[in-house]
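Letter by letter, the chains look like this.
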Amino acid sequence: MPYRLLKFGLSSEYSEPRMFPVQGDLRDAYDVVIIGGGGHGLAAAHYLATEFGITNVAVLEKGYLGRGGTGRNTAIVRSNYLTPQGASFYQASVELFQDLSRQLDLNLFYSERGHFTLAHSPASLRTQRWRAEVNKQLGIDSELITPEEVRKMVPEIDLQCGGHQPPIHGALYHPPGAIARHDAVAWGYARRAGEAGVEIHQQTAVTDIEVRDGAVCGVHTNKGFIKTEKVLSAVAGWTTEITQMVGLRTPLVIHPLQAMVTEPLKPWLDKIVVSASLHLYVSQSSRGELVAGASLDPYELISMRSSLDFAEGTAGHLIDLFPMLGDVKVLRQWAGLCDMTPDFSPIMGTTPIRGFYLDAGWGTWGFKATPISGLTMAHTLATGRDHELIEPFNVSRFSDFQLVGEKGAASVGH
Amino acid sequence: MKIIHCPVNGPRPLQEFYFGGQFRAVPTSEQEDAMTDAEWSDYAFNRDGSPGIQKEWWYHTPSGTWFIAERDIVTDVFVRTYLFDQADQESGNDG
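Residues numbered from 1 in each chain as written. Chains lettered and ligands numbered in written order. Predicted model: local features only at pLDDT ≥ 70, side-chain atom pairs only at ≥ 80, totals over all residues.

### Thoughts on the overall build of chain A
So, step 1. Helices and strands together make up the secondary structure of chain A, namely 11 helices and 20 strands.
So, step 2. Against the compact-globule benchmark of 22 Å for 414 residues, chain A has a radius of gyration of 21 Å, which places it among compact chains.
So, step 3. Dimensions of chain A, computed from C-alpha atoms along their principal axes, come out at roughly 65 × 65 × 40 Å.
So, step 4. Within the span of chain A, comprising 414 residues, buried residues form 53% of the whole.
So, step 5. The long-range share in chain A, meaning contacts at least 24 apart out of those at least 6 apart in sequence, stands at 76%. (Helix = DSSP H or I, 4+ residues; strand = E, 2+ residues; numbered from the N terminus. Rg over C-alpha atoms; globule rule 2.2 N^0.38 Å. Buried ≥ 20, exposed ≤ 12 C-beta atoms within 10 Å, placed from the backbone. Contact = placed C-beta atoms within 7 Å.)

### A word on the nonpolar core
So, step 1. Formed by 121 residues in total, the largest nonpolar core has its most connected members in Ala44 and Val57 of chain A.
So, step 2. At 7 residues, the largest contribution of residues to this core is made by helix H2 (residues 39–52) of chain A.
So, step 3. Residues in contact with Ala44 of chain A, not counting those within four places in the same chain, are Ile34, Leu232, Ala234, Asp359, Gly374, Met377, Ala378 and Leu381 of chain A.
So, step 4. Core analysis: the next-biggest nonpolar cluster, separate from the first, contains 8 residues, Ile4, Phe23, Trp58 and Phe67 of chain B among them. (Core = buried A, V, L, I, M, F, W, Y, C linked by C-beta atoms within 7 Å.)

### Topic: the confidence of the model for chain B
Residue and element names in this part refer to chain B.
So, step 1. In this model, chain B carries a mean pLDDT of 91, and residues with pLDDT of at least 70 account for 95%.
So, step 2. At the level of individual helices and strands, chain B shows its lowest average pLDDT in helix H3 (residues 86–90), which scores 77, and its highest in strand S5 (residues 65–72), which scores 97.
So, step 3. With a pTM of 0.93, the predicted complex shows an ipTM of 0.92. (pLDDT = per-residue confidence, 0-100.)

### Side note on the packing of H2 of chain A against helix H10 (residues 370–383) of chain A
Residue and element names in this part refer to chain A.
So, step 1. Where H2 contacts H10, the two axes come as close as 7 Å, and the packing angle between them is 55°. Regarding the angle of H2 to H10, the classification is oblique. Between H2 and H10 lies a crossing of right-handed hand. For the pair H2 and H10, contact is made by Gly39, His40, Ala43, Ala44, His46, Tyr47, Leu48, Glu51 and Phe52 and by Thr370, Pro371, Ser373, Gly374, Leu375, Met377, Ala378, Leu381 and Ala382, respectively.
So, step 2. For the contact of H2 with H10, the residue count by class is 11 nonpolar, 6 polar and 1 charged. (Axes fitted to C-alpha atoms, helices over the stretch in contact; angles between N-to-C directions. Parallel < 35°, antiparallel > 145°, perpendicular 65-115°, else oblique. Left-handed = near helix turned anticlockwise from the far one by under 90°. Nonpolar A, V, L, I, M, F, W, Y, C, P; charged D, E, K, R; others polar.)

### Regarding helix H8 (residues 239–246) of chain A
Residues and elements named next belong to chain A.
So, step 1. For H8, a buried count of 6 out of 8 residues is recorded, marking the element as mostly surrounded by other parts of the structure.
So, step 2. Residues of H8 that are buried: Thr239, Thr240, Ile242, Thr243, Met245 and Val246.
So, step 3. If you follow the buried residues of H8, they end up packed against strand S1 (32–35), strand S10 (206–212), strand S13 (231–233), strand S14 (253–262), strand S18 (330–340) and strand S20 (356–360).
So, step 4. Of the residues flanking the end of H8, it is Gly247, one or two places downstream, whose phi is positive at about 70°.

### Let's talk about the sheet that holds strand S8 (residues 178–179) of chain A
Residues and elements named next belong to chain A.
So, step 1. Sheet architecture is open: 3 strands sit in the order S3-S8-S4, paired in antiparallel fashion. What marks the edges here is a single partner per strand, and that holds for strand S3 (76–77) and strand S4 (111–112).
So, step 2. Bridge count between S4 and S8: 2 bridges; the pairing is antiparallel. Bridging from a neighbouring strand, Ser111 pairs with Ile179 of S8. (Pairing = 2+ DSSP bridges.)

### Remarks on the packing of H2 of chain A against helix H7 (residues 182–195) of chain A
Residues and elements named next belong to chain A.
So, step 1. Running from N to C, H2 and H7 cross one another at 30°; their axes reach a closest spacing of 8 Å. Put simply, H2 runs roughly parallel to H7. Here the hand of the crossing between H2 and H7 comes out left-handed. Judged by residue contacts, Gly39, Leu42, Ala43, Ala45, His46 and Ala49 of H2 engage Val185, Ala186, Tyr189, Ala190, Arg192 and Ala193 from H7.
So, step 2. For the contact of H2 with H7, the class distribution of residues is 9 nonpolar, 2 polar and 1 charged.

### A short note on the interface of chain A and chain B
So, step 1. In this assembly, 19 residues from chain A lie in contact with 13 residues from chain B.
So, step 2. Going through the elements one at a time, H8, S14 and helix H11 (396–399) of chain A are the ones with two or more residues in the side of chain A that touches chain B.
So, step 3. In terms of residue count, the dominant contributor to the side of chain A that touches chain B is H8 of chain A (3 residues).
So, step 4. Of the residues belonging to the side of chain A that touches chain B, the class tally is 11 nonpolar, 5 polar and 3 charged.

### Overview of the sheet that holds strand S15 (residues 272–275) of chain A
Residues and elements named next belong to chain A.
So, step 1. The mixed open sheet is built from 8 strands, whose spatial order is S6-S7-S5-S15-S16-S17-S14-S18. The open sheet has two edge strands, strand S6 (143–145) and S18, and neither has a second partner. For this sheet the average axis-to-axis angle between neighbouring strands, irrespective of direction, equals 20°.
So, step 2. Across 3 bridges, S15 lies against strand S16 (residues 280–284) in antiparallel orientation. The partner of Ser275 across the bridge, within S16, is Leu280.
So, step 3. Along the sheet face, helix H9 (residues 308–321) touches S14, S15, S16, strand S17 (290–296) and S18 and points at about 120° away from the line of S17.

### A closer look at the environment of His169 of chain A
Residues and elements named next belong to chain A.
So, step 1. Inspection of the secondary structure puts His169 in the loop between helix H6 (147–153) and strand S7 (170–174).
So, step 2. Residue classification places His169 among the partly exposed residues on the basis of 19 C-beta atoms within 10 Å.
So, step 3. C-alpha of His169 to C-alpha of Leu381: the two residues are 212 residues apart in sequence and 46 Å apart in space.
So, step 4. Once residues lying within four places of it in the same chain are set aside, the contact partners of His169 are Ala119, His120, Ser121, Pro122, Leu125 and Pro147.

### Quick look at unusual backbone geometry
Residues and elements named next belong to chain A.
So, step 1. Despite not being glycine, Phe109 shows a phi value in the positive range, around 50°.
So, step 2. With respect to the helices and strands, the residue Phe109 is situated in the loop between helix H4 (100–104) and S4.
So, step 3. Not every positive phi belongs to a glycine, and Gln203 is a case in point at roughly 55°.
So, step 4. Looking at where Gln203 falls in the secondary structure, it is placed in the loop between strand S9 (199–201) and S10.

### Concerning the pairing of strand S5 (residues 115–119) of chain A
All names here are of chain A.
So, step 1. Most of S5 sits out of view: 5 of its 5 residues are buried.
So, step 2. The alternating pattern of S5 places His115, Thr117 and Ala119 on one face and Phe116 and Leu118 on the opposite face, and all of these are buried.
So, step 3. Pairing between S5 and S15: 4 bridges, direction parallel. Looking across to S15, one finds that Thr117 is bridged to Val274.
So, step 4. In this structure, S5 lies alongside S7, joined through 5 bridges in antiparallel fashion. The residue of S7 that forms the bridge with Thr117 is Leu172.

Here's what the structure looks like:
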């Protein structure tokens, strides 16, 4: 919108409306309370208001919008997962993402790059072929390519990994793989939800959830009690605190996952390169920084601290793949919390507690699912029944021994 | 570098250790026979996972020592490490 920008530049006053309104006090009661003002919670609020006409909704966020996993992931969007349940779910998400900037009228810098998952062994190549075939069956653009084809598209890569790691045997190539500006996704959903009448309360922490006769009847916060019959927990890395409040047992355990960016470089890497064996994924942001992530920290911890071990390990593996980065400096590093499930699939939908809905188990795969989890959770909240796309992810799959083993998940040793 | 106190070998660097998950008392064969499917799936999959001090298994790789640590999973402080004994099995899962 160059004309609008010109007008804005020439105007003496700040003519743009606020991104989201300043909220007053909490009301006494809401139809739906969403805990967690990240991408998932805000997307669910947006679709509740726009698709299902439910606008008496409060989103409660104990910090600021997008403080958790939303702003801490490496912003990769893809759908080349291994299980048919997972791949169809993430494919629906990618399709929503492709049109999301227009839907939200906000530039999300959605940039299709092409996504490589490198194989460093024949066994890994076999898994990649398996994934490619599952993907093709579901109409997802995904294929196995040779090391020479990798080199043609990413000429800087060292296929021998400098002799420090097993050489590259091939890769799974997924052309629709993309990156997006993750904060903007949360802000865009928040703005649209706010316009539709949803209240977004930041600095509002949930301290307890009132359950009577197996049904939710309200939420205690640091700003008072709210009556509600429907609560959605969309807090990812903090889920175990919330499930404790309602007495729900789940398999979730929390691990930190760390990431880092380098100093900005001229554009040279227009692909997303992932190596499961090296526990590395890397892409170049629109600012020129290389964004690199790693594997989960090796033990449970509910803390967003950074460690030197991570920086050393990830930098080393980055140089194994791209030796010319030896002189590039690390600009900053951070950590996010991953609520891990034993089968690497999310836990979504209804629970044994009436009116308590879970959107959790987002481990290392949450950002890419933001639009579809918002839409399917809104459907589930509005109708009281799981949306068909998320039926396999209900928490009951553990008591029914119906796990969805998702070995296509990122940064999971397999 | 993080240092963990192995009950056999004393203070050693984190890199020598492997995290074995939350401690849970293993059901005896009589208990196993009496368990319902729901109890069994709860034992197999569900974990506590909430903030606080957690009793967990750790393994010192060079010496092959499994031991128990009580660790605050928010601050990452090891409160106590010791070798497993029968009392741990009998104390159940509330450690």
